[in-house]
Each structure stands twice: as C-alpha cells, then as structure tokens.
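Structural characterization, general
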Amino acid sequence: MKRDGNCESLWQHETPDFKASAAAIPDKVFDALIVGGGITGITTALLLQKAGLSCILAEAKSIGFGTSGGTTAHLNTFFDTPYSKVINNFGEDNAQLLAKGAAAVMDLIQQLIKEHDIDCSFEKRQGYIFSINKEQNDQLDELVSSGKKMGLPIAFVSNSPFPIPYLKIASVAGQAQFNPGLSCDGYKRGPSIGSRNVARSYTGG
Ligand SMILES: Cc1cc2nc3c(=O)[nH]c(=O)nc-3n(C[C@H](O)[C@H](O)[C@H](O)COP(=O)(O)OP(=O)(O)OC[C@H]3O[C@@H](n4cnc5c(N)ncnc54)[C@H](O)[C@@H]3O)c2cc1C
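Here's a quick rundown of the structure.

Analysis parameters
Residues numbered from 1 in each chain as written. Predicted model: local features only at pLDDT ≥ 70, side-chain atom pairs only at ≥ 80, totals over all residues. Axes fitted to C-alpha atoms, helices over the stretch in contact; angles between N-to-C directions. Helix = DSSP H or I, 4+ residues; strand = E, 2+ residues; numbered from the N terminus. Parallel < 35°, antiparallel > 145°, perpendicular 65-115°, else oblique. Left-handed = near helix turned anticlockwise from the far one by under 90°. Contact = placed C-beta atoms within 7 Å. Expected span 1.5 Å × (residues − 1). Buried ≥ 20, exposed ≤ 12 C-beta atoms within 10 Å, placed from the backbone. Pairing = 2+ DSSP bridges.

**Overview of the packing of helix α2 (residues 83-90) against helix α3 (residues 92-115)**
Between α2 and α3, the least distance of the axes is 7 Å, while the angle of their chain directions is 135°. Considered as vectors, α2 and α3 are oriented oblique to each other. Note that α2 runs across α3; the crossing there is right-handed. Packed against α2, whose contacting residues are Tyr83, Val86, Ile87 and Phe90, the element α3 presents Glu92, Asn94, Ala95, Leu98 and Ala99 at the interface.

**Focus: α3**
Under the 1.5 Å per step criterion, the end-to-end length of α3 is 34 Å for 24 residues, consistent within 8% with the ideal 34 Å. The set of residues buried in α3 consists of Ala95, Ala99, Ile109 and Ile113. Looking at the packing, one finds that the buried side of α3 touches β3 (74-75), α2 and α5 (180-187). Following α3 by one or two positions, aspartate 117 adopts a phi angle in the positive range, close to 50°.

**What to know about the pairing of strand β6 (residues 168-177)**
In terms of strand pairing, β3 meets β6 through two bridges, oriented antiparallel. Bridged to leucine 75 within β6 is alanine 176. Two elements, strand β4 (residues 123-131) and β6, share eight bridges in a ladder whose sense is antiparallel. When the sheet's bridge partners are listed, arginine 125 is paired in β6 with glutamine 175. Pairing between strand β5 (residues 154-157) and β6: four bridges, direction antiparallel. Considered in β6, the bridge of phenylalanine 156 is made with alanine 170.

By themselves, these are just geometric observations and shouldn't be taken as functional.
Shown next, in the form of structure tokens:
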C-alpha cells in the first residue's frame with residue numbers, strides 16, 4: 001500500500017497495493033460520488049451500497065493513502081477530548097449521545113468485518129490509559145470520572161500489563177484493535193473505485 005507522509009506505517013507493507021480495474025469508471029450515472037478512499041469514504045461507500053445506492057469513489061492516490069493507512073490502530077469508545085469537556089461544552093445529554101455513538105461505531109465495525117469476512121486482525125482488547133506527571137494525574141481523574149458518568153466500563157487499576165513507568169493507570173473494557181490497512185482494503189468491495197482521480201470541484205447538489 002502506498003502512503004503519504006515521511007514515516008513508514010507499520011501496516012503499509014502488509015497491505016496489497018490498490019489497483020483500479022480498467023472498467024472502474026463505467027459510463028453511467030451514480031447515485032453518490034464519494035471523495036477520498038480512507039476509512040471514512042470507504043465505509044460510507046459500503047453503507048450506501050447496503051442501502052441500495054450505486055456509488056463511485058474518487059481517490060486521488062490509492063486506498064488507505066491518507067491518515068487511515070498510518071493510524072495507531074486502536075478503536076476506542078472514548079476520545080482524545082474527555083467526556084468532561086464534552087459535558088462542559090455541549091451538556092450531558094449530548095455527551096451521552098456521543099458515548100452511545102462510539103459504542104455503536106465499535107459494533108458496526110465489528111459487524112462489517114464479520115459480514116464481509118475481512119481478515120484484518122480485529123480483536124476486542126482491554127484498553128489502558130496512564131499518567132506520568134501531576135498534570136496528567138488530574139486529567140486522568142477527570143477522564144475516569146466523566147467516563148463512568150457516561151456508563152463507560154472504566155476504572156483505576158493497580159497493575160499494568162506493560163513495562164512502562166506510570167503514576168496512575170486506568171483500564172477500560174470493550175476496546176479493540178485492527179490492521180487499518182487491511183480493513184480499508186477489505187471494505188473496498190462493491191463501489192466503482194477510481195484511483196488517481198482527484199476531485200477538484202463540484203456543481204449543483
Ligand atoms: C498518527 C495518527 C494516529 C492515529 N491513530 C488513531 C487510532 O488509533 N484510532 C483512531 O480511531 N483514529 C486514529 N487516528 C485518526 C484517524 O486515523 C483518522 O481520523 C482517520 O484515518 C481519518 O480517515 P479519513 O478517511 O477521514 O481520512 P484519510 O484516511 O486521510 O483519507 C482521505 C483520502 O482522501 C484522499 N483525497 C483527499 N483529497 C482528495 C480529492 N480532492 N480527490 C480525491 N481524493 C482525495 C486522500 O488521498 C486520502 O486517501 C490517528 C491519526 C494519526 C495522524
């Protein structure tokens with residue numbers, strides 16, 4: 001798989017290079033044009049097709065070329081922005097909605113991988129978050145207490161499974177990991193995909 005960026009991704013050599021077939025862009029009108037073949041575009045294409053729409057996906061380089069081909073590969077039901085901040089900015093109901101959405105996305109990814117038999121090393125895992133200084137201790141306290149408020153199975157623990165020094169450590173159940181390159185590759189079935197097609201403008205809509 002070809003990628004942008006200067007750093008090599010752990011996943012890129014395990015993922016075959018994407019090759020669009022010669023007949024990738026048939027002369028027909030599609031219900032939807034999706035721009036970008038990262039995890040967002042390729043999932044959207046899969047879901048729209050499940051809903052009965054015909055799709056064409058335009059990717060400037062190749063599937064997984066952007067950020068999706070180089071992520072840290074973990075799937076979480078919490079975010080870099082802690083739920084405490086979401087509650088402060090948007091209220092508890094909306095934070096609750098976000099938490100429900102995160103759980104639903106985890107289920108959806110698992111379901112799509114199973115349904116399409118995508119061999120991308122998806123595995124449910126226990127997640128860990130730790131602090132290494134006083135400031136991070138406070139952030140972790142907030143992350144754990146607001147996570148609990150959202151019904152997240154998160155709690156402080158006394159042991160870490162990895163040999164990294166920490167001050168405090170919390171564990172959260174129901175997280176997952178997968179190979180994002182292979183997952184993008186597996187999701188690509190179905191839509192007509194044009195690689196090296198840059199969307200430059202649109203009209204109407
Ligand atoms: C270092 C790092 C680690 C991360 N780790 C995680 C993680 O562990 N878990 C997690 O959930 N999230 C993680 N993220 C965030 C996650 O990777 C991104 O949110 C996600 O991959 C974005 O996917 P995307 O499909 O929206 O964008 P991309 O994957 O960037 O896809 C966009 C695609 O659009 C194409 N494109 C752009 N413009 C055009 C155009 N005009 N015409 C045609 N094609 C175009 C690009 O070539 C590209 O392939 C991480 C991000 C980074 C940077």
